[in-house]
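One-letter residues, chain by chain:
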Amino acid sequence: MSIKISVVVPTFNRADKLKEVLPTLLNQTMPSDEYEILLCDSGSTDGTAELVDGLGAPNLHLLTGPNQGRSGARNRGIDQAQGEIVLFTDADILADPNLLALHLRYHEAHPGNAVVGNEIQVKSLEEYQLFSQDPAAHSRHKSTRRFLPWHYFLTGNASVPRDLLIKVGKFDISFQGYGHEDLELGYRLIKAGLKIYYAPNAINYHWHPVTFEEQKKRMHMAGHSTVRFYRKYRDLRIALQMGLNPISLWVHSFLKSHYFILDWLDALAEHFKLAREIVYQYHYVSGMKESMGD
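What counts, and at which threshold
- Residues numbered from 1 in each chain as written.
- Predicted model: local features only at pLDDT ≥ 70, side-chain atom pairs only at ≥ 80, totals over all residues.
- Heavy atoms only, no water.
- Helix = DSSP H or I, 4+ residues; strand = E, 2+ residues; numbered from the N terminus.
- Rg over C-alpha atoms; globule rule 2.2 N^0.38 Å.
- Buried < 20%, exposed > 50% of the residue type's maximum accessible area, 1.4 Å probe, protein only.
- Contact = heavy atoms within 4.5 Å.
- Salt bridge = Lys/Arg side-chain N within 4 Å of Asp/Glu carboxyl O.
- Axes fitted to C-alpha atoms, helices over the stretch in contact; angles between N-to-C directions.
- Parallel < 35°, antiparallel > 145°, perpendicular 65-115°, else oblique.
- Nonpolar A, V, L, I, M, F, W, Y, C, P; charged D, E, K, R; others polar.
- Expected span 1.5 Å × (residues − 1).
- Core = buried A, V, L, I, M, F, W, Y, C linked by side-chain atoms within 4.5 Å.

**Student:** Help me understand the overall build of the protein chain in this model?
**Tutor:** When helices and strands are counted, the protein chain shows 12 helices and nine strands. Over its C-alpha atoms the protein chain spans a radius of gyration of 20 Å, differing by no more than 12% from the 19 Å that the globule rule assigns to 294 residues. If you line up the protein chain on its principal axes, its C-alpha atoms span 65 × 40 × 40 Å. Taking all 294 residues of the protein chain together, 52% fall into the buried category. Pairs at least 24 apart in sequence give 80% of the contacts found in the protein chain among residues at least 6 apart.

**Student:** When you look at the pattern of salt bridges in this model, what are you seeing that I'm missing?
**Tutor:** Any two side chains of opposite charge can pair, on the condition that their charged atoms come close. Applying the stated criterion across every chain, the model contains 13 salt bridges. With a shortest N-O distance of 2.7 Å, Lys-170 and Asp-79 are connected by a salt bridge. Note that Lys-170 is positioned in the loop between helix H6 (162-168) and helix H7 (181-191) and Asp-79 in helix H3 (residues 69-80), a separation of 91 residues in sequence. In this structure Asp-79 comes out as partly exposed when scored by relative accessible area, which is 39%. Where Glu-184 meets Arg-188, a salt bridge forms, and the shortest distance between an N and an O atom there is 2.8 Å. With Glu-184 and Arg-188 both in helix H7, this residue pair falls four residues apart, about one helical turn. Three or more residues are tied together by salt bridges with common partners; here these are Arg-70, Arg-74, Asp-90 and Glu-181.

**Student:** Looking at this structure, how should I read the packing of helix H10 (residues 246-257) against helix H12 (residues 273-292)?
**Tutor:** The geometry of a pair of packed helices is captured by two quantities: the angle between their axes and the separation between those axes. Between H10 and H12, whose axes approach to 9 Å, the crossing angle comes to 105°. The orientation of H10 with respect to H12, classified from their angle, is roughly perpendicular. Contacts from Ser-248, Leu-249, His-252, Ser-253, Leu-255 and Lys-256 in H10 reach Ile-278, Gln-281, Tyr-282, Val-285, Ser-286, Lys-289 and Met-292 in H12. Its residues assigned to classes, the contact of H10 with H12 shows six nonpolar, five polar and two charged.

**Student:** Any chance you could explain H3 here in plain terms?
**Tutor:** Spanning 12 residues, H3 covers 17 Å between terminal C-alpha atoms, matching the ideal 16 Å at 1.5 Å per step. Among the 12 residues of H3, nine are classified as buried, and the element is accordingly described as predominantly covered. Burial in H3 covers these residues: Gly-69, Ser-71, Gly-72, Ala-73, Arg-74, Asn-75, Arg-76, Gly-77 and Ile-78. Buried-residue contacts for H3 involve strand E1 (5-11), strand E2 (35-41), strand E3 (60-64), strand E4 (85-88), H6 and H7.

**Student:** Help me understand the environment of Leu-265 in this model?
**Tutor:** Structurally, Leu-265 can be placed in helix H11 (residues 259-268). Put simply, Leu-265 and Lys-195 are 70 residues apart on the chain and 40 Å apart in space, counted from C-alpha to C-alpha.

**Student:** Mind showing me how you'd approach the nonpolar core here?
**Tutor:** The tendency in soluble globular proteins is for nonpolar side chains to be buried as a group. Membership of the largest hydrophobic core comes to 36 residues, with the highest contact counts inside it found for Leu-22, Ile-37, Leu-100 and Tyr-205. With six residues, strand E9 (residues 196-207) is the single largest residue contributor to this core. In contact with Leu-100, not counting residues within four places along its chain, are Ile-5, Val-7, Gln-28, Met-30, Tyr-35 and Leu-87. Ranked by size, the runner-up nonpolar core spans 25 residues in total, among them Leu-183, Tyr-187, Phe-229 and Val-285.

**Student:** For this particular structure, what's the right way to read the environment of Asn-98?
**Tutor:** Here Asn-98 is to be found in the loop between strand E5 (93-95) and helix H4 (99-109). Residue classification places Asn-98 among the partly exposed positions, given a relative accessible area of 36%. Placed 186 residues apart in sequence, Asn-98 and Tyr-284 show a C-alpha to C-alpha distance of 36 Å. Leaving out residues up to four positions away in the same chain, Asn-98 has contacts with Gln-28 and Thr-29.

Take a look at the structure:
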């Protein structure tokens, strides 16, 4: 039996999550000899290799290599994949049993295109078990959408024919840290003429609660990535879509010069979503301005 789909999972010292995640990928409705899981490890020292050995799954393969970030790890998976379709997910994302079969069904119906599934956020294993009983009630996205723009190409739940990934140049490994290596690839896929189909029933669950302080750091790094993304193409649509515009820059300057307002919003952020989002945006634009040399 030939491999129909290769699941590429980048990882680095995530054995604590993988011990829950890998069984969900191994427990799919597809026959196990029709798909493979490529765990692309960047030098973990936390027992990841022993975990993989202990599972004893013939279709689970550990691919070790240098730490080149998530982009480099995913490229290693693309290079080694035997399947015609490559499905990207992450080491902290739990898969619905029908995930792979539904992605494959979309590719059979719409060959030569990309597919993005429905990624539901969960804070704990208990919440995952609850949400998985009725995923539609917890989805943030409208199931009526058929196509998605490039900025929805999120590699927690996305699949593309392997030959097309190679044709467009795979992931750009200059995108390090946090942010946009997946969106930048989605941009190139759209430019190459692909459509991104939305598969609302192809569900997985992102199990990564992020603290307020950690998210502020992530947004700062994402700001740097936005400027790198824009400078690569000089496409004003990227700047507008990613918030690199005069309004966001002015709001940032205002908050920076009225720091007491920012401190007030920071104090309110734990309980008020709007305050939290404004603070995140401030740190995001801070990252952009640093990259622009402001």
